[in-house]
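# Summary of structural features
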Amino acid sequence: MNWQKIKVSSDGTHFTLEGEKLFERDFIEVLKFHAPGIAPVKDESGSYHIGTNGLPLYGSRYERAFGYYCNRAAVISAEGWFHINEKGMQIYNVKFVWTGNFQEDKCSVRDRNGDYYHIDLNGDKIYDEAYSYVGDFKDGFACVRLFNGFCKHIDHAGIPINEKLFRDLGVFHKNYATAQDEHGWFHIDKSGNGLYPERYLVVEPFYNGFALVTKLSGHKIVIDEIGNIVHKISNTI
């Protein structure tokens, strides 16, 4: 069975394949299948994972279970959050207050002190620093928020990629990221330099060379990668 063709029903209670119900049963909740063909489900016994045959992969049950990323899945027990492998075995001994999903072999977590940081596939912290918030890694970089409220980008080793700090940040997408300073939102390169002098109320990532942005006046326009206005959007509400 090709797990990539298995769909979640519109009400989120069962799976379908080519329009036909799978496994001849409903669950309280199901989430979509992830590689190598494993899905989180919840029934009266709790949350767990099943294979493409519809059978549980292990005997444990959790308060919640999430999808597999980098061959690890986040689960919640009464003791806290942690990750399990495809056999249902806990990867590391630590319990967190919250975990994200692994991306690029790194994962965002929050510990019992309220600190955020990233761990590796073995559950080990990948740098000494702690932050008030961290995002997922994408294309080698992650956004982190310092305890002073400012944000920066770090690499896989936890090293800042430049010396710039911003009020808010987005991830890099096709070499550019969204950023906010005291004047508004704009786009930056990997050196932290703005691509243009203008500031906006809202900016979206570039999509094939162009980005939808909202001016401080509320008007929406489309700009290119050097800030030129290439199109004005109708503002009829």
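Presented here is a report on the structure given in the accompanying data block. (Residues numbered from 1 in each chain as written. Predicted model: local features only at pLDDT ≥ 70, side-chain atom pairs only at ≥ 80, totals over all residues. Heavy atoms only, no water.)

Let's shift gears to the packing of aromatic side chains. We describe a pair of aromatic rings using the distance from one ring centre to the other and the angle between the two ring planes. Applying the stated rule across the entire model yields 15 aromatic pairs. Measuring from centroid to centroid gives 6.0 Å for tryptophan 98 and tyrosine 116, while their planes differ by 50 degrees, and the two rings are tilted. Of this pair, tryptophan 98 sits in strand S10 (residues 98-99) while tyrosine 116 sits in strand S12 (residues 116-119), and the two are 18 residues apart along the sequence. On the basis of relative accessible area, tryptophan 98 is assigned to the partly exposed category, the value being 25%. Three or more aromatic residues link up through ring pairs in this structure, and these residues are Phe15, Phe23, Phe27 and Phe33. Sitting over the ring of tyrosine 48, arginine 61 keeps its end group 3.7 Å from the ring centre. Positioned over the ring face of phenylalanine 82 is lysine 95, at 5.1 Å from the centre of the ring. (Phe/Tyr/Trp six-rings, centres within 6.5 Å; stacked < 30°, edge-to-face > 60°. Helix = DSSP H or I, 4+ residues; strand = E, 2+ residues; numbered from the N terminus. Buried < 20%, exposed > 50% of the residue type's maximum accessible area, 1.4 Å probe, protein only. Lys NZ or Arg CZ within 6 Å of the ring centre and 35° of its normal.)

Moving on: empty space enclosed by the protein. Following the criterion strictly, the structure yields one cavity of 30 Å³ or more and no others. If you add up the space inside the largest cavity, you get close to 50 Å³. Looking at the largest cavity, the residues that line it are Glu29, Val30, Leu31, Pro40, Val41, Lys42, Ser47, Arg64 and Ala65. Broken down by element, the lining of the largest cavity gets its largest block of residues, three residues, from strand S5 (residues 39-43). Taken together, the residues of the lining of the largest cavity sort by class into five nonpolar, one polar and three charged. (1 Å grid on protein atoms, 1.4 Å probe; cavity = no way out; pocket = protein on both sides within 12 Å on 5 of 7 lines; lining within 4 Å. Points joined across faces, edges and corners; volume = space filled by probe spheres on them. Nonpolar A, V, L, I, M, F, W, Y, C, P; charged D, E, K, R; others polar.)

This part takes up a nonpolar patch on the surface. A contiguous nonpolar surface patch, about 280 Å² in accessible area, is contributed by Leu201, Val202 and Leu216. Turning to its location among the elements, leucine 216 is positioned in the loop between strand S20 (210-214) and strand S21 (220-224). Accessibility expressed as a relative area gives 57% for leucine 216, which makes it exposed. (Patch = residues over 30% accessible without salt bridge, like charges linked within 9 Å, V, L, I, M, F, W, Y side chains within 5 Å. Areas by Shrake-Rupley, 256 points an atom, 1.4 Å probe, with all protein chains shown as cover. Salt bridge = Lys/Arg side-chain N within 4 Å of Asp/Glu carboxyl O.)

On any regular strand, side chains alternate: one points to one face of the sheet, the next to the other face. Where strand S19 (residues 202-203) and S20 come together, two bridges link them in antiparallel fashion. Its bridge partner lying in S20, valine 203 is registered against valine 213. Where S19 folds back onto S20 in an antiparallel hairpin, the turn is made up of six residues, including asparagine 208, whose phi is positive at roughly 50 degrees. With five bridges joining them, S20 and S21 adopt antiparallel strand pairing. Directly across from leucine 212, in S21, lies its bridge partner valine 222. (Pairing = 2+ DSSP bridges.)

Now for the environment of cysteine 70. Following the sequence through the fold, cysteine 70 ends up in the loop between strand S7 (64-69) and strand S8 (72-77). Exposure remark for cysteine 70: the relative accessible area of 27% places this residue in the partly exposed category. C-alpha of cysteine 70 to C-alpha of proline 160: the two residues are 90 residues apart in sequence and 24 Å apart in space.

The next thing to look at is the side chain of histidine 187. With respect to the helices and strands, histidine 187 occurs in strand S18 (residues 184-188). Taking the relative accessible area as the measure of exposure, histidine 187 reaches 1% and is therefore buried. A polar atom in the side chain of histidine 187 sits 2.6 Å from the side chain of tyrosine 196. Among the polar contacts listed, one links the side chain of histidine 187 to the backbone oxygen of glutamate 204, at a separation of 2.8 Å. (Polar contact = N/O pair within 3.5 Å; in protein donor to acceptor, adjacent residues only side chain to side chain.)

Taken together, the three strands give an open sheet; going across it, the order is S4-S5-S6, and neighbouring strands pair in antiparallel fashion. The sheet is open, and its two edges are formed by strand S4 (29-30) and strand S6 (46-50), each paired on a single side. As defined by bridge partners, S4 adjoins S5 across two bridges and the pair is classed as antiparallel. Within S5, the residue paired with valine 30 across the bridge is valine 41.

As a further point, take the pattern of salt bridges. Within the structure shown, the criterion is met by six salt bridges. The shortest N-O distance in the salt bridge between glutamate 29 and arginine 64 comes to 4.0 Å. Pair noted here: glutamate 29 is in strand S4 and arginine 64 is in strand S7, with a separation of 35 residues, a long-range link. The exposure class of arginine 64 is partly exposed, given its relative accessible area of 37%.

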